[in-house]
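Listed below, chain by chain, are the residues.
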Amino acid sequence: DAVCASFAQMNRFAVDVSEPTRAMIDACRWEEATTLATRAKAIVISASAAREENPDGHAQLVAHFCNNLGAVDYTRLSRYHSQLSTRELRDIIREAADQYLEAAEIYREMGDKLMLARQLGRVGESMSVHGFLREESIVHFEESAALYEELVHDPEALEAALGRPRMN
């Protein structure tokens, strides 16, 4: 199948693009890392054949690049917080949280409670940095905890969630 082959190619593309993005983050080349992850996300979103053939896999790839974009902001924040103004800190925290939230919504739409719970924890963690969005972060931590609790009490759902391949 040409469509399956194109989706496999996109999966390789996701891995290939993630490595340079991580290298740029490590080298503190934030704008280049953001540009690469944004372009990759746009390419994945626009790949309609793969979306039709494997909607869950396609959604996972989009979530993967949302997380890459969040990681760029979050890493920049953690490395340079002492050099940033209060406004810059708040803006970067919001940008990272927004990308992580976008990935969370993808998992919510997919019905993947385990990944949603994990992602909401990531959202809460990113928001609680420096205390700027603490109240908002609590909402996400609480939803994450409730989902984990739900999965713990539903062994079939937990087994099904753990049996699926993961992007991150």
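For the structure itself, consult the block above.
Quick summary incoming for the structure in this document. (Residues numbered from 1 in each chain as written. Predicted model: local features only at pLDDT ≥ 70, side-chain atom pairs only at ≥ 80, totals over all residues. Heavy atoms only, no water.)

**Remarks on the packing of helix 5 (residues 86–110) against helix 6 (residues 113–128)**
Their axes nearest at 9 Å, the elements helix 5 and helix 6 cross at an angle of 170°. Regarding the angle of helix 5 to helix 6, the classification is roughly antiparallel. Taken together, the residues of helix 6 that come into contact with helix 5 (itself represented by Ile 93, Arg 94, Ala 97, Tyr 100, Leu 101, Ala 103, Ala 104, Tyr 107 and Arg 108) are Met 115, Leu 116, Gln 119, Leu 120, Arg 122, Val 123, Ser 126 and Met 127. (Axes fitted to C-alpha atoms, helices over the stretch in contact; angles between N-to-C directions. Helix = DSSP H or I, 4+ residues; strand = E, 2+ residues; numbered from the N terminus. Parallel < 35°, antiparallel > 145°, perpendicular 65-115°, else oblique. Contact = heavy atoms within 4.5 Å.)

**Digging into the packing of helix 2 (residues 30–46) against helix 4 (residues 55–80)**
Packed helix pairs are specified by the crossing angle of their axes together with the interaxial distance, meaning the distance between the axes. Orientation of helix 2 relative to helix 4, taken along the N-to-C sense of each, is 170°, at an axis distance of 9 Å. Here helix 2 lies roughly antiparallel to helix 4, going by the angle between them. The two elements helix 2 and helix 4 meet at a crossing, and its hand is left-handed. Of the residues in helix 4, those in contact with Trp 30, Ala 33, Thr 34, Ala 37, Thr 38, Ala 40, Lys 41, Val 44 and Ile 45 of helix 2 are His 58, Leu 61, Val 62, Phe 65, Cys 66, Asn 68, Leu 69, Val 72, Thr 75, Arg 76, Arg 79 and Tyr 80. By residue class, the composition of the contact of helix 2 with helix 4 is 13 nonpolar, five polar and three charged. (Left-handed = near helix turned anticlockwise from the far one by under 90°. Nonpolar A, V, L, I, M, F, W, Y, C, P; charged D, E, K, R; others polar.)

**Looking at unusual backbone geometry**
At Cys 28, a residue that is not glycine, the phi angle is positive and equals roughly 65°. Looking at the secondary structure, you find Cys 28 in the loop between helix 1 (2–26) and helix 2.

**A word on the packing of aromatic side chains**
In total, this model carries two aromatic pairs according to the counting rule given. Here the aromatic rings of Phe 13 and Phe 65 are separated by 6.3 Å at their centres, their planes lie at 50°, and the arrangement is tilted. Of this pair, Phe 13 sits in helix 1 while Phe 65 sits in helix 4; the two residues are 52 residues apart in sequence, bridging distant segments of the chain. Phe 13 gets classed as partly exposed once you look at its relative accessible area, which sits at 24%. Taking relative accessible area as the criterion, Phe 65 reaches 0% and is therefore assigned buried. A ring pair is formed by Trp 30 and Tyr 80, whose centres lie 6.1 Å apart and whose planes are at 85°; its orientation type is edge-to-face. In this pair, Trp 30 is assigned in helix 2 and Tyr 80 in helix 4, connecting sequence segments 50 residues apart. Residue classification places Trp 30 among the buried positions, given a relative accessible area of 13%. The ring of Tyr 100 is capped by Arg 122, whose NZ or CZ atom sits 5.6 Å from the centre of that ring. (Phe/Tyr/Trp six-rings, centres within 6.5 Å; stacked < 30°, edge-to-face > 60°. Buried < 20%, exposed > 50% of the residue type's maximum accessible area, 1.4 Å probe, protein only. Lys NZ or Arg CZ within 6 Å of the ring centre and 35° of its normal.)

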